[in-house]
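# Secondary and tertiary structure notes
The primary structure of each chain is shown beneath.
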Amino acid sequence: MANSANGSPTKEFFVEMLTRDIELNDAILDLLDNCLDGVVRSCSGKDKLQTADFYASYGANITISSTEFSITDNCGGIPRDTAENYAFRMGRVPTTRTDHPTIGIYGIGMKRAIFKIGKAARVFTQNSGKQYAVSIPVDWATDTSSWDFPIDERPKDNPLDTDGTKIDISELNPSIAELWSTDGNISSFVETLKKAIQESYSLIIQKGFTIKINNQVVTANPVELLVQKDVEKQGIRPYVFEGQYDDVSVKVAIGFYAPMASDDDIEEMNESKRSSYEAGITVVCNDRVVLYNDKTGLTGWGTNGVPNYHTQFIGIKGIVVFESTNPKALPMTTTKRGIDHSSAIYIAVKDKICEGLKMFTNYTNQWKGRNTQERAFSTIAQKVQYNDLFSKTAKEEYGVTPRKDIRGYGQTFRPNLPKPASEKPFRIIRYSKSVEDVKVLIGYFYGDKEETVSPSLIGEKCFDKVLEDAKK
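Scoring rules and cut-offs
- Residues numbered from 1 in each chain as written.
- Predicted model: local features only at pLDDT ≥ 70, side-chain atom pairs only at ≥ 80, totals over all residues.
- Heavy atoms only, no water.
- Helix = DSSP H or I, 4+ residues; strand = E, 2+ residues; numbered from the N terminus.
- Buried < 20%, exposed > 50% of the residue type's maximum accessible area, 1.4 Å probe, protein only.
- Contact = heavy atoms within 4.5 Å.
- Areas by Shrake-Rupley, 256 points an atom, 1.4 Å probe, with all protein chains shown as cover.
- Phe/Tyr/Trp six-rings, centres within 6.5 Å; stacked < 30°, edge-to-face > 60°.
- Lys NZ or Arg CZ within 6 Å of the ring centre and 35° of its normal.
- Axes fitted to C-alpha atoms, helices over the stretch in contact; angles between N-to-C directions.
- Parallel < 35°, antiparallel > 145°, perpendicular 65-115°, else oblique.
- Left-handed = near helix turned anticlockwise from the far one by under 90°.
- Nonpolar A, V, L, I, M, F, W, Y, C, P; charged D, E, K, R; others polar.
- Patch = residues over 30% accessible without salt bridge, like charges linked within 9 Å, V, L, I, M, F, W, Y side chains within 5 Å.
- Salt bridge = Lys/Arg side-chain N within 4 Å of Asp/Glu carboxyl O.
- Pairing = 2+ DSSP bridges.
- Core = buried A, V, L, I, M, F, W, Y, C linked by side-chain atoms within 4.5 Å.

### What about the overall build of the chain?
Secondary structure summary: the chain contains eleven helices and 17 strands in total. Classification of the 472 residues of the chain by burial places 48% in the buried group. Look at the contacts in the chain between residues 6 or more apart in sequence, and 70% of them connect residues 24 or more apart. With the model as given, the accessible surface of the chain reaches about 23600 Å², and the carbon-plus-sulfur share is 49%.

### Examining the packing of aromatic side chains
The geometry of an aromatic ring pair comes down to the distance between the two centres and the angle between the two planes. Scanning all chains against the criterion turns up 13 aromatic pairs. Ring plane angle 90° and centroid distance 5.3 Å describe the contact between phenylalanine 256 and phenylalanine 360, whose orientation is recorded as edge-to-face. Here phenylalanine 256, found in strand E11 (residues 248–256), pairs with phenylalanine 360, found in helix H7 (residues 344–366); they are 104 residues apart in sequence, far enough to count as distant. Since its relative accessible area comes to 2%, phenylalanine 256 is described here as buried. Its relative accessible area of 0% is what places phenylalanine 360 among the buried residues. Put simply, the rings of Phe256, Phe360, Tyr363, Trp367 and Phe377 pair up and form one aromatic cluster. Directly above the aromatic system of tyrosine 132 lies the positively charged group of arginine 80, at a separation of 5.2 Å from the ring centroid. Lysine 317 extends its terminal NZ or CZ atom over the ring of tyrosine 257, reaching a point 5.4 Å from the ring centre.

### What about the packing of helix H2 (residues 24–42) against helix H4 (residues 109–117)?
Contact geometry for H2 and H4: axes closest at 8 Å, N-to-C directions at 140°. One element, H2, and the other, H4, form an angle in the oblique class. In this structure, H2 meets H4 at a crossing whose hand is left-handed. Residues Leu24, Ala27, Ile28, Asp30, Leu31 and Asn34 of H2 touch H4, and the partners they reach there are Gly109, Met110, Arg112, Ala113, Lys116 and Ile117. Grouping the constituent residues of the contact of H2 with H4 by class yields seven nonpolar, two polar and three charged.

### So, a nonpolar patch on the surface
On the surface, Ile429, Tyr431, Phe463 and Leu467 cluster together into a nonpolar patch covering about 420 Å² of accessible area. Secondary-structure assignment places isoleucine 429 in the loop between strand E17 (410–413) and helix H10 (435–446).

### Let's talk about the environment of valine 320
If you trace the backbone, valine 320 turns up in strand E14 (residues 316–323). Residue class for valine 320 comes out buried when judged on its relative accessible area of 0%. Sequence-wise, valine 320 and isoleucine 254 are 66 residues apart; in three dimensions their C-alpha atoms are separated by 8.6 Å. Ignoring any residue separated from it by four or fewer positions in sequence, one finds valine 320 in contact with Lys251, Val252, Ile281, Thr282, Val283, Val284, Val349 and Ile353.

### Notes on the sheet that holds strand E8 (residues 216–217)
With mixed pairing, the eight strands of this open sheet are ordered in space as E5-E4-E3-E6-E2-E1-E7-E8. The open sheet has two edge strands, strand E5 (151–153) and E8, and neither has a second partner. When strand E1 (residues 59–64) meets strand E2 (residues 69–73), the two strands line up antiparallel, connected through five bridges. Bridge pairing links threonine 63 to serine 70 in E2. Packing against the sheet, H4 makes contact with E2, strand E3 (118–127), strand E4 (130–136) and strand E6 (164–172), and its axis sits at approximately 140° to E3.

### Some points on the nonpolar core
Grouped together as the largest cluster of nonpolar side chains are 61 residues, with contacts concentrated most on Val252, Ile254, Val283, Phe322, Val349 and Ile353. When residues of this core are traced back to their parent elements, those giving at least two are strand E9 (224–227), strand E10 (239–245), E11, strand E12 (280–285), strand E13 (288–294), E14 and H7. With nine residues, the top contributor of residues to this core is H7. Among the nonpolar cores identified, the runner-up in size contains 55 residues, and Val15, Leu29, Val40 and Trp140 belong to it.

### Here we look at the packing of H2 against helix H6 (residues 183–206)
One can describe the packing of H2 onto H6 by two numbers: an axis separation of 10 Å at closest approach and a directional angle of 40°. Classified by the angle between their axes, H2 and H6 sit oblique to one another. Note that H2 runs across H6; the crossing there is right-handed. Residue-level inspection shows Leu24, Asn25, Ile28, Leu29, Leu32, Asp33 and Leu36 of H2 in contact with H6, the latter providing Phe189, Thr192, Leu193, Ala196, Ile197, Ser200, Tyr201 and Ile204.

What follows is the structure in structure tokens.
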């Protein structure tokens, strides 16, 4: 008779709990994270993540079919001792410590992704020219014996000819098999996956990393802000902060990525002709986007004196970059698709985000109703990629003296934004009239120029004419 009770988990329960709360796209992004971690390991000793072409010559190819999923990369492969002791364990060993700026914390990403997609897999890898493969048998989760996975020495079917990794997942789970059951379904899924990758990996793609899905190259959505580079001229420049919190470095840039919304951009019921998709705050941890163009209280909107997001602020954009060789110190959730807003570092940095947002929401309010005059500043500013906003040359171009942060953690660059010449209060007048009546007035004032005259211009013209008559 045993003198203890069995408290070990079953594999099926563990796998079910591991995969239940993660979306399929996020699971696939975890596999891409592993590729990027391989690049960081391979580039050890370089100026990590800072160079504009850090990921050049590296890439990953994703292939999706009705029967299997595979991802192949040339990112250095998995070292043999890592595979034997860490990479395939369900969780990270407490003593495991990395000196590289990765985002893997808990050691579950690859396994969770594999089991989210299918029941069986082969992981081929080549590291420093040495090849091997790890197999996950189809009945592994139901087998009550060892939790280990067999390693094949120099497998004959290894498809790799360079240092890298290929993961083949088969025996698709029923829900995944249904999702990818037809070519049309696969095409639709690929489009949603491409968008998710663009949101999460645009910075990495800009630095040279190539991602393909079924031979379609995923392009970047660059993060850019408007900058008036001529220090002799007043103009649009970003709010910039750089700081250090223990072993985490932080960069913040808030500004305009496009001119502020015009009266024609904003219609009644708070709807906009321009899309709000590109507005908001993007948060990055070790080059991985964990919040994309967020417009909620998580990034300061509607808190600390910042107004709630409104289409009036459609031109405002920001980026917050956290970097550390200790991924546990980064303020992100376990899915890497959210922020730990209780993190002490994030709470401190959020104050800087709010400071920047207030500068540009206030600017928008000051110029409300005077869009034509304001565009003299915003339309001549140049778009600058986020990474270039923090260079020494860029800071000199701002023409702004930095101020040391009150906590002593870093420096803040606060731009002197243009102000309206007249302090006379303005009010926006907005109303709707029939299209036919508007066309009549366009003809009356401008002749046959319907395509080049905006309704707001007609409204302003009518007001000016009546005002002129009233003053007489």
